Amino acid sequence: MKPIIFDFPHSSLLGNSIRKTLAAEEGKIILRNFPDGETYLRILTNVQNRNVIINASLFYPNDWILSLFFLADALH
């Protein structure tokens, strides 16, 4: 079964290259912030019993680190 790659927080050239090399599936999520600053994260791709890779950019990590932790926890 093909692995699933989640590009986080958005699609990247590196993620596309890894996905092509591994013939992997692209993972889909919805990520948005509520007006009060809380994060909404929903995984749209079925990851049950699948190998998952998170390709994350940590450029300006303060903006994304909690959302990355939420994604990793939800995928676990």
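Right, let's walk through the structure included here. Not measured: the values here are computed from a predicted model.

Right, let's talk about helix α2 (residues 65-75) for a bit. For α2, the set of buried residues is Ser67, Leu68, Leu71 and Leu75. The buried residues of α2 occupy one face: seen down the axis, they fall within an arc of 105°. Counted as exposed and oriented over 90 degrees from the buried face of α2: Leu66, Phe69 and Asp73. Contacts from the buried residues of α2 go to β1 (4-8), β3 (29-33), β4 (39-43) and β5 (52-56).

Attention now goes to the packing of aromatic side chains. Evaluated as defined, the whole model comprises three aromatic pairs. Ring geometry for Phe8 and Trp64: centres 6.0 Å apart, planes at 85°, overall edge-to-face. Of the two residues, Phe8 is situated in strand β1 and Trp64 in the loop between β5 and α2; the sequence distance between them amounts to 56 residues. Taking the relative accessible area as the measure of exposure, Phe8 reaches 1% and is therefore buried. Considering the side-chain rings of Phe59 and Tyr60, the 4.5 Å spacing of their centres and the 70° angle between planes classify their relative orientation as edge-to-face. Under the relative-accessibility criterion, Phe59 is labelled exposed at 60%. The ring of Tyr40 is capped by Arg32, whose NZ or CZ atom sits 4.4 Å from the centre of that ring.

Basis of the calculations
Residues numbered from 1 in each chain as written. Predicted model: local features only at pLDDT ≥ 70, side-chain atom pairs only at ≥ 80, totals over all residues. Heavy atoms only, no water. Buried < 20%, exposed > 50% of the residue type's maximum accessible area, 1.4 Å probe, protein only. Helix = DSSP H or I, 4+ residues; strand = E, 2+ residues; numbered from the N terminus. Arc of directions from axis to C-beta. Contact = heavy atoms within 4.5 Å. Phe/Tyr/Trp six-rings, centres within 6.5 Å; stacked < 30°, edge-to-face > 60°. Lys NZ or Arg CZ within 6 Å of the ring centre and 35° of its normal.

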